[in-house]
Amino acid sequence: MTTTDSKRIGLALAGGGPLGAIYEIGALCALDESFVGVDFTRLDGYVGVSAGGFIAAGLANGITPRQLCTSFILNQGPDDDVIHPGLFVQPAWREYARRLAMLPALVAHAAWDYAFERRSLLTALERLGRALPAGLFGHEALERQVARMLSAPGRSNDFRQVARPLVIVATDLDSGQSAPFGRPGWEHVPISRAVAASAALPGLFPPVPIDGRCYVDGALKKTLHTRVLLDLDMDLVLCLNPLVPFESGHLGRHATPTARAGQRIPRLADGGLPVVLSQTFRTLIHSRLELGMRGYEQTHPDTEIVLFEPDQRDPEMFLANTFGYSQRRAMAEHAYQQTRADLRARRETLAPRLAAHGIRLDDAALDDETRRLIPLKRRERPARGATAKAMRRLDEVLDELERRLAAAR
């Protein structure tokens, strides 16, 4: 039960690796302090995919967005709660050893096929592909840390013991079907194991074995899996999606001066293969998200769905290095401030939609220019003065005008 007595409110969190978690934590902190009438640790349902699964598990266990920021972004607080970036890049030693042990037999079979079965050299070499690891990084360290975090007093690593409905979605590698861990028939799996499976992006992490099946990233099937909450008869579903395609050459008004001065890739093709692949992946998953949202409007017209995501014209999230400690802090702050700016720009349209579900926007908090997620260092100074305030307000008005023109078109 939420803090609103008559409306059921759910939260859907998409994936996106460490960067996705950074964005969602920063955005959630902004929403948490700006929404009056709702407690993000007492919602009526949570669904998470990949990095979103980790955050959803924390919220459903009573960990506030600010506490998640302290443990994941600042690496402070109790040792059991701290999620170090290094947990995501632990070599998959077991996978390496298992594949290496297969190599002698595979080489012998390949040589036999080539020498005696008259197979082509390429066909013989294809057999050796089985010796390649299914992932570079292991999930064990992250899984153990999530299990420790959820085993603290007042929390649980068992879906059946969590007070709020929680679903973490992975994908069955052998069938391609979604695996909604936490739903009836899937609730016996430990939450930490489900988080590891949902975050196992193919190529980076080996599939996670559960009950004789292999599971990988839940985003392979859908981006948000919002339907899980819609089927639970939610009145309002808040959605966060951290990965959007970048509109190169069109910097958003909320981009920082550093981003404006340092945008090194006016054309994404100039950034090479990593940038091209990143843009391709973001475009694919975002197109699925847009298609799904349009479908939900038809199948669940009585449910209000509100989506929050980064500005597609802002290069900060696209060019971020999520494993640098200082940049992780900067990205979280950027997501926090960008979400606050988004709320101010959409205030006139969002306020009545949220009010229908017992949520009020805290105008004083939104308009407080001194609010920050990460404390300022001594050498940093925020922009001040009436001119800076007027320019920010102008940006917000122009953003809202653009949205209305786009809607009219």
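As annotated in an unreviewed UniProt entry, the protein carries the name PNPLA domain-containing protein and is attributed to Rubrivivax gelatinosus.

**Q** Looking at this structure, I do not really get the overall build of the protein. What am I missing?
**A** Summing up its helical and strand segments, the protein has 15 helices and ten strands in all. Look at the contacts in the protein between residues 6 or more apart in sequence, and 76% of them connect residues 24 or more apart. In the structure as shown, the protein presents an accessible area of about 19700 Å², 56% of it carried by carbon and sulfur atoms.

**Q** Please clarify how the environment of leucine 350 should be interpreted in this entry.
**A** On the secondary structure map, leucine 350 appears in helix α13 (residues 347-355). Residue leucine 350 is classed as buried on the basis of its relative accessible area of 0%. It is 9.6 Å that separates the C-alpha atoms of leucine 350 and arginine 360, two residues lying ten residues apart in sequence. Not counting chain neighbours up to four residues away, the residues in contact with leucine 350 comprise Val306, Phe308 and Leu343.

**Q** When you look at the side chain of arginine 340 in this model, what are you seeing that I'm missing?
**A** Counting through the fold element by element, arginine 340 comes out in helix α12 (residues 325-345). Reaching out from arginine 340, the side chain makes a polar contact with the backbone oxygen of leucine 366 at a distance of 3.3 Å. Not counting chain neighbours up to four residues away, the residues in contact with arginine 340 comprise Ala30, Glu33, Ala365, Leu366, Asp368 and Arg371.

**Q** I would appreciate a short explanation of the pattern of salt bridges in the present structure.
**A** Side-chain pairs of opposite charge can arise whenever the charged atoms involved come near each other. Applying the stated criterion across every chain yields a total of 17 salt bridges. Notably, a salt bridge pairs glutamate 95 with arginine 99, separated by 2.8 Å at the nearest N-O pair. With glutamate 95 and arginine 99 both in helix α4 (residues 93-115) and four residues apart, the pair spans about one turn of that helix. The class of arginine 99 is buried, set by a relative accessible area of 16%.

What counts as what
Residues numbered from 1 in each chain as written. Predicted model: local features only at pLDDT ≥ 70, side-chain atom pairs only at ≥ 80, totals over all residues. Heavy atoms only, no water. Helix = DSSP H or I, 4+ residues; strand = E, 2+ residues; numbered from the N terminus. Contact = heavy atoms within 4.5 Å. Areas by Shrake-Rupley, 256 points an atom, 1.4 Å probe, with all protein chains shown as cover. Buried < 20%, exposed > 50% of the residue type's maximum accessible area, 1.4 Å probe, protein only. Polar contact = N/O pair within 3.5 Å; in protein donor to acceptor, adjacent residues only side chain to side chain. Salt bridge = Lys/Arg side-chain N within 4 Å of Asp/Glu carboxyl O.

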